[in-house]
Structures are given as C-alpha cells and as structure tokens.
Amino acid sequence: MYVAWEKGHCAQLENYRHTEGEPPSDASSTLWMNVAPPILIVQMNRTKFDPTTGNGEKKQHMVPIEPVLNCHRFMYKNRLLVEQTRKTAEDMREYLKKKEQELLNYDNYRSKTS
C-alpha cells in the first residue's frame, strides 16, 4: 500500500534537460503533505497489460490494506529524514546487488576450477 502511495507522489525523470544546450541530468519531484487527509480514497488498478496478446489481464493477488495508515513519510515536516532514509535504502540495494554479483562470479569461478 505504501509503495503505491509513494509511487503516486514521487516522480523520477532521467536525462531531463532544463535548458537547451545544457547537459541532461536526472531530476525528481515529490508531493509532500502539510496535513494528513481525514479520509484517503484509493483507486486500485487491478489490470496488467499483456504485450503478447494486446489485452489487459485482471490481477488476482491479495492487496492487504491496514485499517490505520501511517502517513509520516509523506509529511513535509519529515522530508529531510525521509529523503535521507530513501537514499540509504537505495545505497543498500546497490551494495546488495554488487555483493550478489560478486557471489555469482565466485560460484562460477569455483565451478570452473573444480
């Protein structure tokens, strides 16, 4: 639920050109709230486009919805901590990806030398 909410409030642009002639850069935009809404209306998209058939398929997976949602990570007053936490999580994912590749390389090396 929180991932979908975050995707709806954050946008990432790659190779964004602010001014003609300037080199492109990555940009992001986040919508922050000053006050939490008393009611949150959620519209769920439960279809997925299948490029092989050209049709939409209905998703059947369960989507858990908590009775009380914590919206602290979307509040403007928490933005610095949230941005720092997002950066730390991104760095950790990159580190894990690198270590997984190193382990795969090591396993391939061991299988060749055995």
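Residues numbered from 1 in each chain as written. Predicted model: local features only at pLDDT ≥ 70, side-chain atom pairs only at ≥ 80, totals over all residues. Heavy atoms only, no water.

Draft legend 1. Quick peek at the pattern of salt bridges. The full count for this structure, using the stated rule, is two salt bridges. Here K87 and D91 are joined by a salt bridge, their closest N and O atoms 2.8 Å apart. Taken together, the positions of K87 and D91, both in helix α2 (residues 79-113) and four residues apart, correspond to about one turn of that helix. Judged by relative accessible area, which is 39%, D91 ranks as partly exposed. Put simply, K99 and E102 hold a salt bridge, and the shortest N to O gap is 3.2 Å. (Salt bridge = Lys/Arg side-chain N within 4 Å of Asp/Glu carboxyl O. Helix = DSSP H or I, 4+ residues; strand = E, 2+ residues; numbered from the N terminus. Buried < 20%, exposed > 50% of the residue type's maximum accessible area, 1.4 Å probe, protein only.)

Draft legend 2. Spotlight on the packing of aromatic side chains. Counting across every chain of the model gives zero aromatic pairs. One Lys or Arg, R79, reaches over the ring of Y76 and ends 4.1 Å from the middle of that ring. (Phe/Tyr/Trp six-rings, centres within 6.5 Å; stacked < 30°, edge-to-face > 60°. Lys NZ or Arg CZ within 6 Å of the ring centre and 35° of its normal.)

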